Amino acid sequence: MGIQEVKTAEALDGLLKASDSALVLVYFWAEFHEACKPGGQMDQVLKALESKYQSGVVLVKAEAEQLATTAEAYGVTMVPTFLFFKGGNKVDSLEGAKPKELLAKIEANLRTTTSSSKNVTAKSSAATTALAD
């Protein structure tokens, strides 16, 4: 499925509604943050997540300034912020560039979704290693 980049609130809402019971991870980022080390690191983390969870997690990138009203509505106060959704509802969040904590939250949220956890494929130890760094 790949990492989906949304540019409008309508696109994000549609994606959340269409994802049914799958775990959706929305990464709110900002252009200015990508230039610094933690911000740039998170793109690599997302690529590792894409490899590790090919069909178990829907990965979404949303630029916080472009979707300012949506970000504010979901309580995003800093970048990066990761929001977790199931059935269109926000179920968890993580602020900051914290790859190990992000991986732990993904695993915890997948465990609470029985149907999604059956579809999770841990593809490579390289992806896990990249997330742990």
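Further up the page is the structure itself.
About the criteria used
- Residues numbered from 1 in each chain as written.
- Predicted model: local features only at pLDDT ≥ 70, side-chain atom pairs only at ≥ 80, totals over all residues.
- Heavy atoms only, no water.
- Helix = DSSP H or I, 4+ residues; strand = E, 2+ residues; numbered from the N terminus.
- Buried < 20%, exposed > 50% of the residue type's maximum accessible area, 1.4 Å probe, protein only.
- Contact = heavy atoms within 4.5 Å.
- Areas by Shrake-Rupley, 256 points an atom, 1.4 Å probe, with all protein chains shown as cover.
- Pairing = 2+ DSSP bridges.

Draft legend 1. Region of the structure containing the overall build of the chain. Regarding its fold elements, the chain presents 7 helices and 5 strands. Its helices and strands in sequence order give the chain the pattern β-α-β-α-α-β-α-β-β-α-α-α, from N to C terminus. Here the chain holds 133 residues, and 43% of them are scored as buried. Residue pairs at least 24 apart in sequence account for 71% of intrachain contacts in the chain once pairs closer than 6 positions are excluded. Surface exposure of the chain reaches about 6700 Å², of which carbon and sulfur atoms provide 51%.

Draft legend 2. The arrangement of the pairing of strand 5 (residues 89–95) in detail. Of the pairings in the sheet, the one linking strand 4 (residues 81–86) to strand 5 comprises 6 bridges and is antiparallel in character. Bridge assignment links Leu 83 to a residue of strand 5, and that residue is Ser 93.

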